[in-house]
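Each chain, written out:
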Amino acid sequence: MTDRLIEELKKIEPFSSEEIDTLGSLLVKKIIPKGDHFLNPGQVSRHFAFIDSGLMMHYSLNDGVEIPCNFSLEGDWIGSLKSFTSGSPTDVAIKALEDTRILEISGEQMEQLFNSSSRWLLFKNHLVQRVFFAITQHNADFAMLDAKARYYKFMHDEPDLINRIPQYYIAAYLGMTPQSLSRIRKEG
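This text gives an overview of the structure that appears in the document. Please read these numbers as outputs of a predicted model, since none were measured by experiment.

Section: the sheet that holds strand 6 (residues 77-78)
- Taken together, 4 strands build an open sheet; the order of strands is 1-8-3-6 and the sheet is antiparallel. The sheet is open, and its two edges are formed by strand 1 (28-32) and strand 6, each paired on a single side.
- When strand 1 meets strand 8 (residues 100-106), the two strands line up antiparallel, connected through 5 bridges. When the bridges of strand 8 are listed, Ile32 appears paired with Thr100.
- Against the sheet, helix 4 (residues 107-116) contacts strand 3 (47-53), strand 6 and strand 8, and its axis sits at roughly 70° relative to strand 8.

If you want it as structure tokens, here you go:
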């Protein structure tokens, strides 16, 4: 268990030392090298992980082209709840954009943890709400903002990511071509 994870847990709910130790005993430390996958396209999700350091990209494939749907960095949890719950292959893959250190737990162990106490259930609700709010906001931005406004909002909301993510991924995430993004950046 890392200090970062303990801090994140305490922000959400006042977990006891025993509860934190229980989670810690279930986690496996792993390194995912840049370019490698946590969840491959078409794979069934069987694990979740906390990102201790690094950066991951969630993406879908469109004619063999990776289209980013989301980015996760230090302090975030990754996995495909849809794939895990349904037992079906994922339509969103997750790969490392940097060497990434994670703490991994099996989906079954995570479910057992959620069912073990109301605090862990509140933790699950928190995670689901974070994902729901992020997706809802991203969809609203696409519906209401033009490309330039989406870029400036991304810069404002995610300043740490601007220099960590390749520009072609940022462009695709914001629904524009790399050339359009370059033009917007030159205007700014």
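As for helix 2 (residues 17-26)
- Within helix 2, the full set of buried residues consists of Glu19, Ile20, Leu23 and Gly24. Taken down its axis, helix 2 places every buried residue within 140° of arc, on the same side. Away from its buried face by more than 90 degrees, helix 2 exposes Ser17, Glu18, Asp21 and Ser25.
- Each element contacted by the buried residues of helix 2 is listed here: helix 1 (3-12), strand 8, helix 4 and helix 5 (118-144).

Things to note about the packing of aromatic side chains
- A full pass over the atoms with the stated rule returns 12 aromatic pairs.
- On the basis of an interplanar angle of 70° and a centroid distance of 5.6 Å, the ring pair of Phe48 and Phe84 is categorised as edge-to-face. In this pair, Phe48 is assigned in strand 3 and Phe84 in helix 3 (residues 81-86), connecting sequence segments 36 residues apart.
- Through successive ring pairs, a cluster of aromatic residues spans Phe15, Phe50, Trp77, Phe114, Trp120 and Phe123.
- One cation-aromatic arrangement involves Arg150 over Phe142; the distance from NZ or CZ to the ring centre is 4.6 Å.

Details of the sheet that holds strand 5 (residues 65-73)
- Taking strand neighbours across the sheet as the criterion, the 4 strands line up as 2-7-4-5 in an open arrangement whose pairing is antiparallel. Each edge of the open sheet carries a strand with a single partner, namely strand 2 (37-39) and strand 5. Strand-to-strand twist in this sheet, taken as the mean axis angle between neighbours without regard to direction, amounts to 30°.
- Taken together, the 4 bridges between strand 4 (residues 55-62) and strand 7 (residues 93-96) define a ladder with antiparallel strand orientation. In the strand pairing of strand 7, His58 is matched with Ile94.

Parameters at a glance
- Residues numbered from 1 in each chain as written.
- Predicted model: local features only at pLDDT ≥ 70, side-chain atom pairs only at ≥ 80, totals over all residues.
- Heavy atoms only, no water.
- Pairing = 2+ DSSP bridges.
- Helix = DSSP H or I, 4+ residues; strand = E, 2+ residues; numbered from the N terminus.
- Contact = heavy atoms within 4.5 Å.
- Axes fitted to C-alpha atoms, helices over the stretch in contact; angles between N-to-C directions.
- Buried < 20%, exposed > 50% of the residue type's maximum accessible area, 1.4 Å probe, protein only.
- Arc of directions from axis to C-beta.
- Phe/Tyr/Trp six-rings, centres within 6.5 Å; stacked < 30°, edge-to-face > 60°.
- Lys NZ or Arg CZ within 6 Å of the ring centre and 35° of its normal.

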